Every structure is written in C-alpha cells, then in structure tokens.
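Here is how the chains run, residue by residue.
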Amino acid sequence: MAQTYDDGYIYYPGLTAFPATLGHEFAGEIVEVGSKAINKRTSKPYEKGEPVTVEEMVWCGECKPCCDGYPNHCERLQEIGFSIDGAYAEYIAVPAKLCWSLQKLKGKYDNIYKIGSLVEPTSVAYNAVIERGGGIRPGENVVILGAGPIGLAAAKILKTAGAAACIMSEPDENRAALARKMGADYIINPQKENFVDMVKEYTDNEGAALYLEATGLPHIVTDDIQNAIWECKAVNSTVVIVARAEQRMPVCGEFFQVRRARIVGAQA
Ligand SMILES: [Zn+2]
C-alpha cells in the first residue's frame, strides 16, 4: 500500500496530472489499428488480436534528450496512468511506437498478459541495475533495499547476471518470502537486525558491488548504505537510486572518495 501524507496524498514526486485513470503496467489485445500504426520491430502493420505490452512513458522522439537516446528524460514527457489516462480500463488508445508485441511468447506462458504487464517494472529494474548501475561481474555481491516490484525484479535480474550473494533488506515477511522466490540468498530485516553487521557477515566483509535503493525512504536507508560501503572492503561500489522520493540523502563524501564509490540515479 502506498504511504501517504497526513492529507492522504501519496509520496510520489514524479510527473502526475491527476485526476487520471491509474494503470501503467499493462498488456492487452489490439482491437483497432490506426492507418499508420507500424510494428517497429517488423516494420509491418499491427494486426487485430495481436497481444502487446506498452511502454508507460510517452516520449516525443524530437527533443534533445530523446534524440540523444534518453527518451526516459523526454522534455515533453507524458506518463500513462500518471499524467494521462491509464490502463485500469477495458480499452486504451496508445501510440503504436510504444507497443511491443508479445506474439512470440504465446504458448510459452499460461498468461502472456500477466507476463506482459511485468515488462514495465522489470524494465525499470533493468535500467537501474544494468544500464545505470553498470551491471555486475559474475561472482560479485549485491544488496537490494526494498522488496517491492522493482526490488524483486532486480533480484532476479542480478542473480541471472551472476550475483554471488544477493542480499535483500526488507521488513515485511510476505515481501521477503517473494524475494527468496526471486533469487535473494539472504534477507535482512532492518527493523530487527543491524544492516551493516549482516551485510558484513553475508559477504565475509567484502561488501557489495551494487546497492539498489528501492525503498523510497532514502533519508532512512542512506546511512546504512554508506556505513556498509565504509565498513566493508570493496572498492568501486555503485549505489543506484531507483525509488522515487523527494527527501534529501545526507552523503559523506569521504566514504565515497576512499571507497571509490558512486551514486547514480535511474528513472523508469
Ligand atoms: Zn522528447
């Protein structure tokens, strides 16, 4: 459940223009096709009945960030389910350029629409840990803070990339159980255990190549991440900020200098 301020509004500093129908992780069947709607992978028109998933970000393709290859940072961005109507609806009209066919997944999964709806959060996690975080070498350790959809997807991606110890920090038992299913080797309950001590124990004091901030509570977890970097031996750690939050993160430059560490942001 989303955390809220006293007035009931959600903690979310990103692009919104409510009231808008929610729903930004979705897939569906094409029922109508515009005359110029081309499948960008095949360069052929989409067909009625074709299953597709859809990018959540409606990027323009013409501004400088788009032309430079960063559509996530489009200057004219709209976001389906945030600033324009989303997919909690029977039908939704979307630009063909945002669609990705699921046709080839037919027969491989019981429900390709569920799989398709997971593409968005999995892409957010991939962008965070691989594109922005630079990925890992097989055998390196990772620490993920927060087992929400992004943290869970990141666990699977990083284990697939060869993570040795995949450590998840998550106080909620249900989410922790999901994290184990997604490949987490160790779970830290940060409300009951000392985060830094546990990271040291699980990594033999080596620490992690990558720390993923996926809690949305940077003002609470930043100290833990920095202390782990400082107290463990590893140099070159990367901290990736993927959760949206407007709180400041107090940073000790000395820790990042001595441990040759870095912080990067990842959006969508
Ligand atoms: Zn643009």
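See above for the structure.
Scope of this entry: the structure provided in the associated data block. Since the model is a prediction, treat every value here as computed from it, not as a measurement. (Residues numbered from 1 in each chain as written. Predicted model: local features only at pLDDT ≥ 70, side-chain atom pairs only at ≥ 80, totals over all residues. Heavy atoms only, no water.)

Comments concerning the pattern of salt bridges
Okay, step 1: Across all of its chains, the model carries 6 salt bridges by this definition.
Okay, step 2: Here Glu 55 makes a salt bridge to Lys 40, at a shortest N to O gap of 3.1 Å. With Glu 55 in the loop between strand E4 (51-54) and strand E5 (57-58) and Lys 40 in the loop between strand E2 (38-39) and strand E3 (44-45), this residue pair connects regions lying 15 residues apart in the sequence.
Okay, step 3: Lys 40 sits in the partly exposed class, given a relative accessible area of 34%.
Okay, step 4: Lys 159 is paired through a salt bridge with Asp 185; the nearest N and O atoms lie 2.8 Å apart. A residue pair is termed long-range when its members are at least 10 positions apart, and Lys 159 in helix H4 (residues 149-160) and Asp 185 in the loop between helix H5 (173-181) and strand E10 (186-188) qualify at 26 residues. (Salt bridge = Lys/Arg side-chain N within 4 Å of Asp/Glu carboxyl O. Helix = DSSP H or I, 4+ residues; strand = E, 2+ residues; numbered from the N terminus. Buried < 20%, exposed > 50% of the residue type's maximum accessible area, 1.4 Å probe, protein only.)

Re unusual backbone geometry
The bulk of non-glycine residues show a negative phi, and the bulk of peptide bonds are trans.
Okay, step 1: A cis amide bond links Phe 18 to the next residue, Pro 19, at an omega of 5°.
Okay, step 2: Position of Pro 19 relative to the elements: it lies in the segment before strand E1 (27-29).
Okay, step 3: You will see that Asp 204, though not glycine, has its phi angle at about 55°, which is positive.
Okay, step 4: Inspection of the secondary structure puts Asp 204 in the loop between helix H6 (195-202) and strand E11 (210-213).
Okay, step 5: One non-glycine residue, Asn 236, lies in positive phi territory at about 80°.
Okay, step 6: Tracing the backbone shows Asn 236 in the loop between helix H7 (218-231) and strand E12 (238-241).
Okay, step 7: Judged by relative accessible area, Asn 236 falls into the partly exposed class, the value being 32%.

Some points on the layout of surface pockets
Okay, step 1: Volume-wise, the second largest pocket comes out at about 610 Å³.
Okay, step 2: Taken together, 24 residues line the second largest pocket, and the ones lying closest to its centre are Thr 53, Glu 55, Trp 100, Val 119 and Ser 123.
Okay, step 3: Elements supplying a minimum of two residues to the lining of the second largest pocket: E4, strand E7 (99-101) and helix H3 (119-132).
Okay, step 4: Among the elements that take part in the lining of the second largest pocket, H3 stands out by supplying 5 residues, more than any other.
Okay, step 5: Here the lining of the second largest pocket is built from residues that sort into 10 nonpolar, 8 polar and 6 charged.
Okay, step 6: Two domains each put at least three residues into the lining of the second largest pocket: domain 1 (27-117) and domain 2 (122-265). (1 Å grid on protein atoms, 1.4 Å probe; cavity = no way out; pocket = protein on both sides within 12 Å on 5 of 7 lines; lining within 4 Å. Points joined across faces, edges and corners; volume = space filled by probe spheres on them. Nonpolar A, V, L, I, M, F, W, Y, C, P; charged D, E, K, R; others polar. Domains from an automatic or database assignment.)

Some thoughts on the environment of Asn 205
Okay, step 1: With respect to the secondary-structure elements, Asn 205 resides in the loop between H6 and E11.
Okay, step 2: Residue classification places Asn 205 among the partly exposed positions, given a relative accessible area of 36%.
Okay, step 3: The sequence separation of Asn 205 and Ser 35 amounts to 170 residues, and the corresponding C-alpha distance is 60 Å.
Okay, step 4: Asn 205 has contacts with Lys 200, Cys 232 and Lys 233, leaving out every residue within four places of it along the chain. (Contact = heavy atoms within 4.5 Å.)

A few points about the coordination of the zinc ion
Okay, step 1: Here the zinc ion is held by the protein donor atoms Cys 60 (SG), Cys 63 (SG), Cys 66 (SG) and Cys 74 (SG), which lie 2.3 to 2.4 Å from it.
Okay, step 2: Coordination at the zinc ion comes from 4 donor atoms whose angles at the metal span 103 to 118°, giving a geometry best classed as tetrahedral.
Okay, step 3: For the zinc ion, all donor residues lie on one chain, and their spacing in sequence is C-x2-C-x2-C-x7-C. Considered together, Cys 66 and Cys 74 belong to a single accessibility category, that of buried residues. (Donors = N, O, S within 2.8 Å, 3.2 Å for Na, K, Ca; no water. Tetrahedral: all angles 85-135°; square planar, octahedral: opposite > 155°, others 65-115°.)

Topic: empty space enclosed by the protein
Empty pockets left among the atoms are what a rolling probe the size of a water molecule brings to light.
Okay, step 1: The full count for this structure, using the stated rule, is 1 cavity of 30 Å³ or more.
Okay, step 2: Roughly 30 Å³ of internal volume is contained in the largest cavity.
Okay, step 3: What lines the largest cavity is simply Thr 222, Ile 225, Gln 226, Val 239, Met 249, Val 251, Phe 256 and Ile 263.
Okay, step 4: Residues belonging to the lining of the largest cavity are distributed by class as follows: 6 nonpolar, 2 polar and no charged.

Some points on H3
Okay, step 1: Of all the bends in H3, the greatest measures close to 30° and is centred on Tyr 126.
Okay, step 2: Looking only at H3, the buried set comprises Glu 120, Pro 121, Val 124, Ala 125, Asn 127, Ala 128 and Val 129.
Okay, step 3: Next to the buried residues of H3 lie helix H2 (112-117), H4, E11 and E12. (Bend = angle between axes of the 7 residues up to and from the residue.)

Notes on the pairing of E11
Okay, step 1: The two faces of E11 match: Leu 210 and Leu 212 on one face and Tyr 211 and Glu 213 on the other face are all buried.
Okay, step 2: In this sheet, E11 lies alongside strand E8 (residues 142-145) in parallel orientation, the contact comprising 4 bridges. Its bridge partner lying in E11, Val 143 is registered against Tyr 211.
Okay, step 3: Sheet analysis places E11 next to E12, joined by 4 bridges and oriented parallel. Of the residues in E12, the one forming a bridge with Glu 213 is Ile 241.
Okay, step 4: Traced from E11 through H7 to E12, the parallel crossover comes out right-handed. (Pairing = 2+ DSSP bridges. Right-handed = clockwise from strand over helix to strand, strands pointing away.)

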